[in-house]
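The lines below spell out each chain.
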Amino acid sequence: MDFELRPMTWAEAAAAETEALILLWPDAGPAGQGGPLVAWVEQAVRDGDLGAEVGHWLLAHRLPGVQARRVVAVRCGEGHAASVGRAVASAWAALQQAAPRTLTLVLAQADEAAASAAVQSIAAASYRYTTTLSKPKPRVLQRVVLAVPQAGSGLQRAVEWAAATVHGQELAKEWANRPANHARPVDLAEAAQALAGPGLQVEVLGPKDVERLGMGALLAVARGSREPLRFIVLRYQGAAKRAAPVVLVGKGITFDTGGISLKPAAEMDEMKFDMSGAAAVLGVFAALAQLRPAINVVGLIPACENMPGGAAIKPGDVVTSLSGQTIEILNTDAEGRLILCDALTYAQRFKPRALIDVATLTGACVIALGHVRSGLFANDEALAQALLAAGEAAQDPCWRLPLDDDYAEALKSRFADVANVGGRPAGAVTAAKFLQRFVGQVPWAHLDIAGTAWKSGKDKGATGRPVPLLLRYLLEQAGEAEPEQRGRPRRKGQA
Ligand code: BES
Ligand code: MN
Ligand code: ZN
């Protein structure tokens, strides 16, 4: 899908060549504007035909003096980003049936956060999964114009970021949504390789390489499956070669049966989403390739299936991780931390400025935070604050949870250096404490996305989170903050 920012008055919007218009109507109205569109909405408001609440809409067909066949006016409250996002999604419902190829979103205020929200919201609302359907109904919408009163360079940049975020998020959704037999570790590796290009290198390790390295924890999980594991290394170079990278690690369990500690049957299909962390890392790299910010980023994806079988690990087995620490596997369903711990150890060789892992790690995190905020754990104050702020700005929020050493007591083992599970209390925290043993002194954060990576029920599907949060953080780190907050945006190669 293409996005374009265009300065336009509301009178000009009436003449715009587009199949459909969505008019984002703020409570104060689009000040000082005239023409048939404004006259129509004002009349509708006076007649009580456009409700007052955010998201209330009115559809008109072939309005006199308007080129677009369909026009939807929708309330967007005071025009803040969150309300604009909701309004766009709601208005799209009125147009879905007509399936326009081109759409113009008319904003009354040219605000960067609102423009980004509009872009992300129309993309999310019009997204369609198609890969494994014999008669797919692909997205028809091809081109979205954002019409604003004035288009400055800051706004232009914001729309570019939002479009790249959509691109990354949709790649993440695609891979997370694919069923496990269409998204095997080898398929994820291929998807990563497809991202390679100038400034973006991809290396893929297989079982033999991983064994040679000594990643005993990753190997232990992969043993139960016939699908061979992959360990994927992505390198994006946007800054000087010697500049320390941010390292992202994504959990890539392509299906989590629980292993010998088998999960119950109900909703087990949703464990195809257990590679959502990996998918998010792929999405971030897809967006980096498009935006080319001045920063170095490494992505690590340990990918395998967690299956029961004759070769599978058993409760009580002790394995040796890449770090040399031995682990007693008391529950084979706590596999995410096992594959992640070897990746976190591997990450040390890049001497990261920050190390961030992203994982659908614990059901306990879903109980703690539900489906609104991802869980955030960090051993570094500045990193925690940066990620919290990025989450708020990108409307992809997270919430910090504790890492007190007392929580690590639960992981004590008589037969190994550490056990892979504590008890039920604070399950999300004990999982994070397990990971922390493998990060050393590096500033590290762990995002538990178990509650936010996908939706269940009738809207079942991947969300593409936390691609927006991560991208926002990386762009901030690259010094490309929004002009509003930091002065003019810096482009690559500019002082
Ligand atoms: N992938 C799951 C976590 C999960 C469960 C995410 C449900 C989303 C919804 C993870 O591998 C897992 O099974 N965790 C166990 C850990 C337990 C055995 C300590 C869990 O949360 O039950
Ligand atoms: Mn599990
Ligand atoms: Zn899992």
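The structure we're discussing is the one just above.
Notes on the structure in this doc start here.

Conventions we followed
Residues numbered from 1 in each chain as written. Chains lettered and ligands numbered in written order. Predicted model: local features only at pLDDT ≥ 70, side-chain atom pairs only at ≥ 80, totals over all residues. Heavy atoms only, no water. Near = heavy atom within 4 Å. Polar contact = N/O pair within 3.5 Å; in protein donor to acceptor, adjacent residues only side chain to side chain. Areas by Shrake-Rupley, 256 points an atom, 1.4 Å probe, with all protein chains shown as cover. 1 Å grid on protein atoms, 1.4 Å probe; cavity = no way out; pocket = protein on both sides within 12 Å on 5 of 7 lines; lining within 4 Å. Sits in = over half its atoms within 2 Å of the grid points. Nonpolar A, V, L, I, M, F, W, Y, C, P; charged D, E, K, R; others polar. Salt bridge = Lys/Arg side-chain N within 4 Å of Asp/Glu carboxyl O. Buried < 20%, exposed > 50% of the residue type's maximum accessible area, 1.4 Å probe, protein only. Helix = DSSP H or I, 4+ residues; strand = E, 2+ residues; numbered from the N terminus. Contact = heavy atoms within 4.5 Å. Donors = N, O, S within 2.8 Å, 3.2 Å for Na, K, Ca; no water. Tetrahedral: all angles 85-135°; square planar, octahedral: opposite > 155°, others 65-115°. Core = buried A, V, L, I, M, F, W, Y, C linked by side-chain atoms within 4.5 Å. Axes fitted to C-alpha atoms, helices over the stretch in contact; angles between N-to-C directions. Parallel < 35°, antiparallel > 145°, perpendicular 65-115°, else oblique. Left-handed = near helix turned anticlockwise from the far one by under 90°. Pairing = 2+ DSSP bridges.

## Considering the site of ligand 1
Near ligand 1 lie 16 residues; those nearest to it are D256, K263, D333, E335 and G363. In this structure, K251 approaches ligand 1 through a side-chain N or O atom, which is 3.2 Å from an oxygen atom. For ligand 1, the protein covers 77% of the area, taking 510 Å² as the surface of the free molecule. Most atoms of ligand 1, that is more than half of them, are within 2 Å of grid points of the second largest pocket. Partitioning the shell around ligand 1 into residue classes produces 5 nonpolar, 4 polar and 7 charged.

## Some remarks on the pattern of salt bridges
All told, the structure shown has 23 salt bridges when counted by the stated rule. E174 is the partner of R178 in a salt bridge, and the nearest nitrogen-oxygen pair spans 2.7 Å. Residues R178 and E174 agree in their burial class; the two are buried. Here R465 and D396 are joined by a salt bridge, their closest N and O atoms 2.6 Å apart. Placement of R465 in the loop between β20 (461-462) and α14 (467-477) and of D396 in the loop between α12 (381-393) and β16 (398-400) is noted, with a sequence separation of 69 residues between them. Salt bridges here are not isolated pairs; linked through shared partners, they connect E4, R6 and R143.

## Details of the side chain of Q325
Considering the arrangement of structural elements, one finds Q325 in the loop between β12 (317-320) and β13 (326-329). What makes Q325 buried here is its relative accessible area of 16%. Ignoring any residue separated from it by four or fewer positions in sequence, one finds Q325 in contact with V319, T320, D417, R437 and F438.

## Some remarks on the coordination of the zinc ion (ligand 3)
Within the protein, K251 (NZ), D256 (OD), D274 (OD) and E335 (OE) serve as the donor atoms for the zinc ion (ligand 3), at 2.0 to 2.4 Å. Taken together, the 6 donor atoms surrounding the zinc ion (ligand 3) define angles of 79 to 175 degrees at the centre, an arrangement classified as octahedral. Between consecutive donor residues of the zinc ion (ligand 3), the sequence gaps follow K-x4-D-x17-D-x60-E.

## What about the coordination of the manganese ion (ligand 2)?
Looking at the manganese ion (ligand 2), one finds its protein donor set to be D256 (OD), D333 (O), D333 (OD) and E335 (OE), positioned 2.1 to 2.2 Å from the metal centre. Geometry at the manganese ion (ligand 2) is irregular, judged from the 6 donor atoms that bind it and their angles of 70 to 167 degrees at the metal. The sequence pattern describing where the donors of the manganese ion (ligand 2) fall on their chain is D-x76-D-x1-E. Between the manganese ion (ligand 2) and the zinc ion (ligand 3) the interatomic distance amounts to 3.2 Å, and D256 serves as a bridging ligand to the pair. By relative accessible area, D333 is classed as partly exposed at 23%.

## Describing the nonpolar core
Core analysis: the largest hydrophobic core is formed by 64 residues, its most contacted members being L234, L248, F285, I356, L447, Y473 and L474. When residues of this core are assigned to their parent elements, the largest contribution, 11 residues, is made by helix α9 (residues 276-291). The contacts of F285, once residues within four sequence positions are left out, are L195, L200, L234, R235, Y236, L248, V297, V298 and G299. Judged by nonpolar contacts, the second largest core, of 50 residues, contains L218, V233, I253 and L355.

## Observations regarding the packing of helix α3 (residues 81-95) against helix α4 (residues 112-126)
Their axes nearest at 8 Å, the elements α3 and α4 cross at an angle of 30 degrees. Considered as vectors, α3 and α4 are oriented roughly parallel to each other. Where α3 crosses over α4, the handedness of that crossing is right-handed. Taken together, the residues of α4 that come into contact with α3 (itself represented by A81, V84, G85, V88, A89 and W92) are A113, A114, A117, A118, S121, I122, A125 and S126. Along the lines of polarity and charge, the residues of the contact of α3 with α4 split into 11 nonpolar, 3 polar and no charged.

## Focus: the pairing of β12
Pairing of β12 with β13 involves 4 bridges; the strand directions are antiparallel. When the bridges of β13 are listed, V319 appears paired with I327. A loop of 5 residues connects β12 with β13, the two strands running antiparallel in sequence, and G324 in this loop sits at a positive phi of about 95 degrees.

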